[in-house]
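Examining the three-dimensional arrangement
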Amino acid sequence: MTITVFFAAPAVWEEYRDLLPGLLADAGIDARVVTLAPDPAAVDYIIYAPSAPLQDFTPFTRCKAVLSLWAGVERIVGNTTLTQPLCRMVDTGLTEGMLEWVVGHALRHHLGMDRHIVNPGHVWDATCPPLARERKVAMLGMGALGTACAQGLAALNFNVVGWSRTEKHTPGIQGFHGEAGLEAALRGAEIVVTLLPKTPETENILNAQRLAWLKPGAFILNPGRGPLIDDAALLAALETGQVGHATLDVFRIEPLPLDHPFWGHPRVTVTPHIAADTRATGAAKVLVKNIRRSEAGAPLLHLVDRARGY
Ligand code: NDP
Ligand code: OXD
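Residues numbered from 1 in each chain as written. Chains lettered and ligands numbered in written order. Predicted model: local features only at pLDDT ≥ 70, side-chain atom pairs only at ≥ 80, totals over all residues. Heavy atoms only, no water.

Neighbouring ligand 2 are Trp70, Ala71, Gly72, Arg225, His273 and Ala276. Contact distances for ligand 2 include 2.8 Å between an oxygen atom and a backbone N or O atom of Ala71. A distance of 2.8 Å separates an oxygen atom of ligand 2 from a polar atom in the side chain of Arg225. Relative to its unbound accessible area of 210 Å², ligand 2 is 88% covered by the protein chains. (Near = heavy atom within 4 Å. Polar contact = N/O pair within 3.5 Å; in protein donor to acceptor, adjacent residues only side chain to side chain. Areas by Shrake-Rupley, 256 points an atom, 1.4 Å probe, with all protein chains shown as cover.)

Right under this line is the structure:
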């Protein structure tokens with residue numbers, strides 16, 4: 001029987017149009033992919049992105065899963081009309097992109113590259129940076145992305161510790177978990193990377209008290225979500241020097257409003273939510289794999305726990 005896949009993310013359909021139907025066919029799935037759902041009750045799977053106009057999932061009575069093109073699902077997970085299983089995106093392209101962004105920005109701060117790249121006074125400052133092994137890095141979030149980034153930084157010899165909700169045993173990374181483990185993870189850290197989902201528990205996780213646990217002059221990298229950081233506390237910590245620099249990819253409001261103090265702040269780098277992008281070539285394979293599993297009666301991959309919110 002032909003299944004109907006509703007691609008409900010018009011902004012990125014061009015990237016998938018020549019890819020997805022062929023991959024479904026190659027996987028032996030008899031499917032038609034539609035970009036409009038005139039008969040929602042006939043739809044078997046929905047492919048979703050936050051830019052999608054779709055908000056009411058009630059009419060999709062036959063839908064077996066909603067497959068998100070994004071890793072972060074905070075904009076859909078609380079939708080009360082969504083009763084169908086929700087899967088998030090976990091893909092090597094997303095992971096590799098995040099690893100590159102995190103390692104690149106961590107090395108920029110670790111090596112003090114700015115002093116040499118922007119040096120209008122031609123100052124001969126021969127201060128040598130410490131070795132990576134001498135710097136503690138706290139990775140908040142040890143999921144698909146956090147683990148890859150923690151391992152990448154550890155491979156460069158950084159002293160990486162990880163923090164997650166549940167206990168983890170990642171080779172080469174000292175693990176901490178839960179509220180009780182947060183202080184030990186952050187205390188004395190010189191680089192903090194936030195790769196947590198936005199949930200009620202993680203909002204403002206980096207507040208004034210926790211920023212004070214870091215080594216003075218610490219660097220913050222936030223490619224997770226804007227609300228993980230208390231903006232006012234961060235600005236105050238930048239003012240006192242407790243935080244030396246913050247490199248931020250995500251914000252409470254995006255695009256970041258032009259009058260926001262982060263723009264133009266000498267110790268804040270703004271990148272426009274580009275740390276990692278879902279790339280169609282890899283993502284389409286993940287979507288097809290999940291549809292194939294579901295059609296074969298196997299459990300869905302990357303299922304979101306609606307109660308946890310990620
Ligand atoms: P995962 O779901 O794989 O990992 C989330 C991690 O956060 C897990 O280790 C989880 O712990 C931990 N966590 C969640 N809640 C808590 C809590 N209350 N206390 C402690 N730890 C907690 O997500 P990904 O790694 O795939 O992605 C992380 C986030 O990155 C996304 O949610 C998204 O917001 C962001 N992102 C940003 C992108 C960008 O371009 N800027 C691109 C893609 C994603 P546990 O393992 O115990 O469950
Ligand atoms: C995502 C993102 O969550 O791009 O995938 O932020």
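Next comes the rest of the write-up.
Taken together, 29 residues lie near ligand 1, and Arg88, Thr166, Lys168, Asp249 and Tyr310 sit nearest. Within the contact set of ligand 1, an oxygen atom lies 3.1 Å away from a backbone nitrogen or oxygen of Gly143. Within the contact set of ligand 1, a nitrogen atom lies 2.9 Å away from a backbone nitrogen or oxygen of Arg165. When isolated, ligand 1 has an accessible area of 940 Å², and the protein chains bury 92% of it. Secondary structure elements with two or more residues in the shell around ligand 1: helix 5 (144-155) and strand 7 (159-164). The dominant element in the shell around ligand 1, judged by the number of residues it contributes, is helix 5, at 3 residues. Of the domains in this structure, domain 1 (3-91 + 278-295) and domain 2 (93-270) are the two that each give at least three residues to the shell around ligand 1. (Helix = DSSP H or I, 4+ residues; strand = E, 2+ residues; numbered from the N terminus. Domains from an automatic or database assignment.)

The subject of this paragraph is the environment of Val102. Within the element layout of this structure, Val102 appears in helix 3 (residues 92-111). A C-alpha to C-alpha distance of 9.0 Å links Val102 and Gly152, two positions 50 residues apart in sequence. Not counting chain neighbours up to four residues away, the residues in contact with Val102 comprise Cys149, Leu153, Val193, Leu195, Leu221 and Pro223. (Contact = heavy atoms within 4.5 Å.)

What follows concerns the domain arrangement of the chain. In terms of domain boundaries, the chain breaks down into domain 1 (3-91 + 278-295) and domain 2 (93-270). Look at where the C-alpha atoms of domain 1 and domain 2 centre, and you get two points 33 Å apart. Each partner contributes to the interface: domain 1 provides 10 residues, whereas domain 2 provides 6 residues. Overall, the association of domain 1 and domain 2 removes approximately 700 Å² of surface from exposure, summing both partners, and the carbon and sulfur fraction of that is 53%. Together, Glu74, Asp91 and Arg279 form the three largest contributors to the area buried by domain 1 at its contact with domain 2, with a combined 60%. At the boundary of domain 1 with domain 2, the tally comes to 1 salt bridge. (Buried area = accessible area lost by both parts, 1.4 Å probe. Salt bridge = Lys/Arg side-chain N within 4 Å of Asp/Glu carboxyl O.)

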